[in-house]
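Structure assessment
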Amino acid sequence: MGGALDRVADALDVETFLVGDSEEECLRLARRLMEELGLPDHDVISLQFRGLGARVRVRAYLYRPGGEYGWLKEGNASGG
Amino acid sequence: MAASPATAPRTRRVLLAPLDPVHDVGLKLIKKQLEARGHQVTLLPPDLTPEEVTRAALAGRYDCLLVSRTVGYESAEILARLADLLDGAGLRPRMRVAVGGMAVRPELAAEMGFDAGFGPGTPPEAAVAFVEEAPPRHDEEALSLQKPDLCALYSYHWKDTVIGDAARELARGIVAWAEGARTPGSERAAVAQAMLVADEGERLRLEEEYLHLCGDEVVAMRRGQPPPHGRLIGEEEKRRALGLFARGRGWQPLTVTGYQRLPVVFVQYGTGCPVMDALHAVVAARWGAQGTVHFDPAWSARQEGLPRGLVAWSADGTFYTPENLQFFREATGNDLLWQVRAHRGLNTPETVVWAAAAGADLTKINPVYGSLGGGTDPERLLVDAVAAMRLAARYGLPFDVVTNEELGGVPAHKAIAGMLAVVATALELGARPILQPLFCYSPEAMLEGYMEQDYVDWNAAKVIALRRIIDAPIWPGAPIGFLTHTEERVQSAVTTSLHAGLAASLGVDAITIASTDEAYSRGPITAAARVDSLRAVGEVFRFLGEARVSPTTRAEKLAEQLLEGVAGTLRDALRQPSFCQALYAGVFGTREEGGNPGRAGRGTVTRSAPQ
């Protein structure tokens, strides 16, 4: 039986509000956050800065279309 | 419009190139703006290769090349190829190049050596600034907001004379009944007023007087004991927070209301911590909120007296203390309409005093809701509410009159009748009340099936009925869409925004909106949840513009039904010995319906003269 990440259909989105002084700083923080979470393959989907910080949504693709899906691995596909 | 000679920039020759199969509207918008400012612009056709774009750039003497790329696939490869070709052709030293579009990230552009990169959502003005080599037009200048007066346009003329006469008769009775009555709450309000103008020595004496009017737990807190699961916030932490919030306020807010002047959009705060509250409020203001509503703890509303100090705790609601209120005002600046609620507990008149002293713009008073749905004894709260309304009139603080007893099951016509009696009392005392019907999926609506068909007609009926009764401001709350939210974020944002669209369609003066965490009750609301609701509301306002959501004919019938019910309830109240007796007797909601006369403060009213 695989881990829970194997059962993620495609991607993991992280959404939060980051406190920072500029859009650039918040962008760096968003990326560092994903690195710290162990998700180096990520993309900043949206980031809106309006002073004080940014509303941010960062995505880590675990499986891209055409890849080898964890949820189809032996033992996972049968619901084990 | 062309730039005026005084502001006209040097004319540039600009080449615009869409590296996509079809034209990018962004380049067309940029072209229009550049030409309006006198620049010479050439827009290439779409679907050219990097080689063809390079040849076109070589053929003219351009100052700038703006390239757009919307399609994501192979963007990096194509833009890298273009960068190499431009370099190879020797164009880069004399021509500035920027790339933009949905597929572009500024850092990608920088990696490839372009002079600028404009990602999704970049306004055309940024490209214009690039061409003109002007500083990018950020929104860093704080907007000087004109805080609206929600009551200014209204005469408070009673249009329905039957209802108006009954409400006014009840109001005169309430004022006469409250004459000479006092409570620990009204006495503390008097002490609080004296404290505001006292010197240090006198304040110490007044503090002792105040403590004699407080419950034990409040006395302990005023003597320095933090609240359970709470702490006092130190000076250094306060200083850092104020510095941070001052920087955050230096950004122009997004505009939520768009084409519509109204409604003014309020958000609620009350995380338990004044610092977190201020962060949420500053964030909400940057995303377009125009007002905030302070929620105090339910626990505190049932205590005699208010704590003091800059104090936080980890339960619901943020304490009213003079220091917390002052901090919030200082942290958030003066560009938000600020409501401090005084409506339901044992500290109602005193709250008005501290709210006014801290610079609040609005308060909230309704003894009917506070006693039938808020847990305070009707006699106690009615005396305190009259005192609070007098203070609100003196300080020039308008207040809304809520009808939240509907959430407990009280029928809307009874809640509205109670609200109107309070509105009449407020007018009798020279105050400026605001009607606050609930936009909610109330128990009554569920049981009677008023909202089975839609969420429009029943809410619209309340506004239609109120408009026929009195010419007064209307501020549906609180929050709009109450009991229609779920914990799912998208659903929550959508239901809030659609109710906001309905409110805008009905032309009401203000709304209070929930965050997308409205239905989540196992933890505090998050800053992101506030942003999401505001963005959703902004989108619906943008979608509607000056168009309107139209109720069905059923709304008219429901409004007529409400008018009849309101008139009947007021008649029933007039048959009681006093308005206070009417509250105990269930005229404004029986126990079975959900109107439960509260017990907090029972037996604390004293009278200086027999009534």
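What you see is a predicted model; the values in this text were computed from it and never measured.

Procedures and definitions
Residues numbered from 1 in each chain as written. Chains lettered and ligands numbered in written order. Predicted model: local features only at pLDDT ≥ 70, side-chain atom pairs only at ≥ 80, totals over all residues. Heavy atoms only, no water. Helix = DSSP H or I, 4+ residues; strand = E, 2+ residues; numbered from the N terminus. Buried < 20%, exposed > 50% of the residue type's maximum accessible area, 1.4 Å probe, protein only. Contact = heavy atoms within 4.5 Å. Areas by Shrake-Rupley, 256 points an atom, 1.4 Å probe, with all protein chains shown as cover. Lys, Arg positive; Asp, Glu negative; His and termini not counted. Charge placed at Lys NZ, Arg CZ, Asp CG, Glu CD. Domains from an automatic or database assignment. Core = buried A, V, L, I, M, F, W, Y, C linked by side-chain atoms within 4.5 Å. Phe/Tyr/Trp six-rings, centres within 6.5 Å; stacked < 30°, edge-to-face > 60°. Buried area = accessible area lost by both parts, 1.4 Å probe. Salt bridge = Lys/Arg side-chain N within 4 Å of Asp/Glu carboxyl O. Polar contact = N/O pair within 3.5 Å; in protein donor to acceptor, adjacent residues only side chain to side chain. Nonpolar A, V, L, I, M, F, W, Y, C, P; charged D, E, K, R; others polar. Pairing = 2+ DSSP bridges. Axes fitted to C-alpha atoms, helices over the stretch in contact; angles between N-to-C directions. Left-handed = near helix turned anticlockwise from the far one by under 90°.

It is worth spelling out the overall build of chain B at this point. Along the backbone of chain B there are 23 helices and 18 strands. Within chain B, the proportion of its 611 residues that are buried is 58%. Of all intrachain contacts in chain B linking residues separated by at least 6 positions in sequence, the fraction that spans at least 24 positions is 78%. Total accessible area on chain B stands at roughly 25,000 Å², and carbon and sulfur atoms take up 53% of it. Computing the positive centroid from 62 side-chain charges and the negative centroid from 73, chain B places the two 3 Å apart.

For chain B, the domain assignment lists domain 1 (13–131) and domain 2 (183–565). Spacing between the C-alpha centres of domain 1 of chain B and domain 2 of chain B amounts to 50 Å.

Turning our eyes to something else, we now look at the nonpolar core. F245, L420 and F588 of chain B are the most contacted members of the largest nonpolar core, which totals 149 residues. Beyond its immediate sequence surroundings of up to four residues, F588 of chain B is in contact with V368, L372, V410, K414, A417, G418, T569, A573, F579, A582 and L583 of chain B.

Residues and elements named next belong to chain B. Per the counting criterion, the structure on display carries 13 aromatic pairs over all chains. Seen from their ring centres, Y450 and W458 are 4.3 Å apart, and the 35 degrees between their planes marks the pair as tilted. Classification of Y450 by relative accessible area gives buried; the value is 12%. Classification of W458 as buried rests on a relative accessible area of 0%. Taken together, a centroid distance of 5.0 Å and an interplanar angle of 45 degrees make the contact between F579 and F588 tilted.

The next thing to look at is the interface of chain A and chain B. By a widespread convention, an interface's size corresponds to the accessible area lost as its parts come together. On the side of chain B, 22 residues touch chain A, which itself brings 17 residues to the contact. In total, about 1,600 Å² of surface goes out of reach between chain A and chain B, with carbon and sulfur atoms giving 57% of it. On the chain A side of the contact with chain B, R50, L52 and R55 of chain A bury the most area, a combined 46% of that side's loss. Inspection of the region where chain A meets chain B yields three salt bridges. Among the ionic pairs, R489 of chain B bridges to E15 of chain A, the shortest N-O distance being 2.9 Å. Taken together, the links from chain A to chain B amount to five residue pairs in polar contact (both at pLDDT 80 or more). Elements with a minimum of two residues in the side of chain A that touches chain B: β1 (11–19), α1 (23–36), β2 (42–49) and β3 (53–61) of chain A. Residue composition of the side of chain A that touches chain B, grouped by class: eight nonpolar, four polar and five charged.

What follows concerns the pairing of strand β17 (residues 510–513) of chain B. Residue and element names in this part refer to chain B. Covered by surrounding structure in β17 are A510 and T512 together with I511 and I513, the residues of both alternating faces. In this sheet, β17 lies alongside strand β8 (residues 264–269) in parallel orientation, the contact comprising four bridges. In the sheet register, F266 faces β17, and the bridge partner there is T512.

With that out of the way, let us pick up the environment of M276 of chain B. Residues and elements named next belong to chain B. Structurally, the position occupied by M276 is in helix α11 (residues 274–286). Taking relative accessible area as the criterion, M276 reaches 39% and is therefore assigned partly exposed. Sequence spacing of M276 and G101 is 175 residues, and the spatial spacing of their C-alpha atoms is 36 Å.

This next bit is on the packing of helix α13 (residues 322–332) of chain B against helix α14 (residues 348–358) of chain B. How two helices pack is summed up by the angle between their axes together with the distance between the axes. Residues and elements named next belong to chain B. Here α13 crosses α14 at 35 degrees, and the two axes come no closer than 9 Å. Seen along the crossing, α13 lies across α14 with a hand that is right-handed. Two secondary-structure elements touch here, α13 through P322, L325, Q326 and R329 and α14 through W354, A355, A357 and A358.

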